Amino acid sequence: MLSVEVKHARDGFNLDVAFEAPPGITVLFGRSGSGKTTVVNAVAGLLRPDAGRVALKHRVLCDTKNGVCLPPNRRRIGYVFQEGRLFPHLTVRQNLLFGRWFAPRNAPRAELERIVDMLGIGPLLDRRPGGLSGGEKQRVAIGRALLSAPDMILADEPLAALDEARKAEILPYFERLRDETGVPVLYVSHSAAEVARLATTVVVLQDGKTVKQGPAAEILSDPTVMPAGVRAVGALLETRVTAHHADGLSELDAGGIALFLPRIPQAPGERVRVRIAAHEVILSRQKPTGLSALNILPGTIEQIRTGEGPGAMVSLATPAGRILARVTKRSAQALDLQEGGSCYAVVKSVAIAPGDVGGPAAAS
Amino acid sequence: MEGLGPEEWQAVALSLRVSFWATLIALPLALLIAFALARWAFPGKQLLNGLVHLPLILPPVVTGYLLLLTFGTQGPVGGLLQDFGIVLAFRWTGAALAAAIMGFPLMVRAIRLSIEAVDPKLEQAAATLGASRLWVFLTVTLPLILPGLIAGAILAFAKAMGEFGATITFVSNIPGQTQTLPSAIYAFLQTPGGEGPATRLVLISIAIAMAALLLSELLARKAAKRIGGA
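None of these values were measured; they are calculated from a predicted model.

## Considerations on the overall build of chain B
Looking only at helices and strands, one finds 10 helices and 0 strands in chain B. In chain B, the succession of α and β elements from N to C terminus is α-α-α-α-α-α-α-α-α-α. For chain B, the spread of C-alpha atoms along the three principal axes comes to 70 × 45 × 30 Å. The 230 residues of chain B split such that 46% are buried. When the 14 positive and 10 negative side-chain charges of chain B are each reduced to one mean point, those points stand 13 Å apart.

What follows is the structure in structure tokens.
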């Protein structure tokens, strides 16, 4: 358990956050400029906050009231940077083992072979970072942080510098990190898809303040959490793979309802989380027929929220879980949507991005 | 061409010895000052920077004279050193000091540039992996600035081999004692019939300078390959 309280003022920007990160992956979620990196740097010890307290498993890393502030090298926190920051003069193997030199003798040591296997970087060991691809560099950076025997891992938008294909390459490794190593992770991101795949807990930052924190499914389907923009809002469904069909679709079971989406790599029987973005959902009062969309979920309207703009956010209780739909106020009136009324949510299969599908959270 | 006479050999050997020690002694101090100038903020930083560069701008004779005033047996530092049995004026050690001071700005510049090229983010990364400041310096900064360190050292060595004005002013031109290669060439040229030995020393001087340059290129390329290579 990591607990963080940080106050820091710089160049007219005031950061004032407090949150706790339980085991699993805690995602610090917010737009760029919301203060995420400052928080992470304060946890790592790269930045000394004006005031605050950072404690990890009862170990106080920083407490400005008592004048305690450990330097980064004494915090035992592995940091995966956005740009990798591998040492160019060392081989991949030397990079990986760098932290082990400085780890205390009695620290539980992650086996080099196990980490190398987990990250699939065996063939790279004798190469130098200069010749690695962006995705390979990030995998080595993850391994390097893990092998320093850290009490915690920080990851500051580790995928931001990568293209979509490389992101898809790295995400599963963070899932494995979450599910296999048991090292708690504080992960900075502004991508709802990454949150959906990785987060056990989400802490939402806005303009330097924590506005919301809680379990991933709860936060993501909360329409009031708007810092990442309306398009980021979406529901998170816990499902199980039932079959892969010959026409390239995979079938999932979500609370007894069949969902179809483009082929995913997970095997039948595996649990996966699926994020359904609110703006991809269509609502219908009657059970739709003669429609090309494959996914139709019956439900009851829990809440209709309207704001200043033309949109309305409808949350729908379905057997698969809560679904969020973003429609226009005009449609909501035309359909006579009422809280408590019944309704069907329609989702095109191809609207479910592959990046929004991932393994289950360890703590869920 | 005839071989070198004993006096000429002496000059070559002395120059190599003077330059070697001048470079070796100056290197740690140059590293410290380059690091301070590149990374630290402190009062008097510009003054220090100016002081370091002074020998580059002053006439070498002036530098040599100032050395004589300071480190001569009558000088404040020289007098003190004499009490410990160390005499610099008119000794080869004095020639080494003069050469070191003349090459110092070149050395500091090369090292400073290479330190400024090191991404502090890499050093931060090393710190998060548990390395203390000293270890960060030894395992990350130092290897990364090695090409600059080598370039600075070789530049200073070459400068020391050619140093004339400050040396002759501070330690004079005593064959076998303080007569370095350039002083010897100068002395031969002042003597009727000395053109022969002078030419031989000039050729040797050119050969040593070229060898130093080639060596520095080679080492720098090797180091760069190590850092950036696949």
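Read on for the rest.
## A short note on unusual backbone geometry
Of note in this structure, Asp-11 of chain A is not a glycine but carries a positive phi near 45°. Take Asp-11 of chain A: it is sitting in the loop between strand E1 (2-10) and strand E2 (13-21).

## Notes on the state of the cysteines
On inspection of all chains with the given rule, the structure shows 0 disulfides over all chains. This cysteine, Cys-62 of chain A, is not joined by any disulfide, and Cys-69 of chain A carries the nearest cysteine sulfur, 3.0 Å off.

## Examining helix H2 (residues 45-57) of chain B
Residues and elements named next belong to chain B. Helix length check: H2, at 13 residues, gives a terminal C-alpha distance of 18 Å against a target of 18 Å (1.5 Å per residue), a fit within 8%. Listed as buried for H2 are Asn-49, Val-52, His-53 and Pro-55. Close packing links the buried residues of H2 with helix H1 (6-39), helix H3 (60-71) and helix H5 (92-116).

## Focus: a nonpolar patch on the surface
Residues and elements named next belong to chain B. On the surface, a nonpolar cluster with roughly 440 Å² of combined accessible area is contributed by Val-202, Leu-203, Ile-206, Met-210 and Leu-213. You can see Val-202 is positioned in helix H10 (residues 195-228). Among the residues examined, Val-202 registers a relative accessible area of 32% and is labelled partly exposed.

## Quick word on the packing of helix H6 (residues 120-128) of chain B against helix H7 (residues 133-162) of chain B
Residue and element names in this part refer to chain B. The contact between H6 and H7 brings their axes to 10 Å, and the two run at 155°. Taken as axis vectors, H6 and H7 run roughly antiparallel relative to one another. In the packing of H6 onto H7, the handedness of the crossing is right-handed. Along the contact surface, H6 presents Leu-122, Glu-123, Ala-126 and Ala-127, while H7 presents Val-136, Val-140, Thr-141 and Leu-144. Taken together, the residues of the contact of H6 with H7 sort by class into 6 nonpolar, 1 polar and 1 charged.

## With respect to the side chain of Gln-138 of chain A
In this fold, Gln-138 of chain A is placed in helix H4 (residues 134-146). Residues within four places of Gln-138 of chain A in sequence aside, it is in contact with Val-80, Phe-81, Gln-82, Glu-83, Gly-84, Pro-158, Leu-162 and Ile-170 of chain A.

## A word on the interface of chain B and chain A
Counting residues at the interface gives 21 residues for chain B, matched by 22 residues for chain A. Surface buried jointly by chain B and chain A totals about 2000 Å² across both partners, of which 68% is contributed by carbon and sulfur atoms. Counting across the interface, chain B meets chain A through 1 salt bridge. Here Glu-83 of chain A and Lys-121 of chain B are joined by a salt bridge, their closest N and O atoms 3.8 Å apart. One can count 4 residue pairs in polar contact (both at pLDDT 80 or more) joining chain B with chain A. When contributions to the side of chain B that touches chain A are tallied by element, the ones reaching two or more residues are H6, H7 and H10 of chain B. By residue class, the composition of the side of chain B that touches chain A is 12 nonpolar, 7 polar and 2 charged.

## Looking at the nonpolar core
Residues and elements named next belong to chain A. One finds Leu-2, Leu-28, Phe-87, Phe-98, Leu-154 and Leu-186 to be the most contacted residues of the largest nonpolar core, which totals 74 residues. Among residues more than four places away in sequence, those in contact with Leu-28 are Phe-19, Lys-36, Val-39, Val-40, Leu-186, Tyr-187, Val-188, Ser-189, Val-203 and Leu-205. Val-116, Ile-142, Val-183 and Ile-219 belong to the second-largest nonpolar core, a separate cluster that totals 45 residues.

Parameters at a glance
- Residues numbered from 1 in each chain as written.
- Chains lettered and ligands numbered in written order.
- Predicted model: local features only at pLDDT ≥ 70, side-chain atom pairs only at ≥ 80, totals over all residues.
- Heavy atoms only, no water.
- Helix = DSSP H or I, 4+ residues; strand = E, 2+ residues; numbered from the N terminus.
- Buried < 20%, exposed > 50% of the residue type's maximum accessible area, 1.4 Å probe, protein only.
- Lys, Arg positive; Asp, Glu negative; His and termini not counted.
- Charge placed at Lys NZ, Arg CZ, Asp CG, Glu CD.
- Disulfide = S-S within 2.5 Å.
- Expected span 1.5 Å × (residues − 1).
- Contact = heavy atoms within 4.5 Å.
- Patch = residues over 30% accessible without salt bridge, like charges linked within 9 Å, V, L, I, M, F, W, Y side chains within 5 Å.
- Areas by Shrake-Rupley, 256 points an atom, 1.4 Å probe, with all protein chains shown as cover.
- Salt bridge = Lys/Arg side-chain N within 4 Å of Asp/Glu carboxyl O.
- Axes fitted to C-alpha atoms, helices over the stretch in contact; angles between N-to-C directions.
- Parallel < 35°, antiparallel > 145°, perpendicular 65-115°, else oblique.
- Left-handed = near helix turned anticlockwise from the far one by under 90°.
- Nonpolar A, V, L, I, M, F, W, Y, C, P; charged D, E, K, R; others polar.
- Buried area = accessible area lost by both parts, 1.4 Å probe.
- Polar contact = N/O pair within 3.5 Å; in protein donor to acceptor, adjacent residues only side chain to side chain.
- Core = buried A, V, L, I, M, F, W, Y, C linked by side-chain atoms within 4.5 Å.

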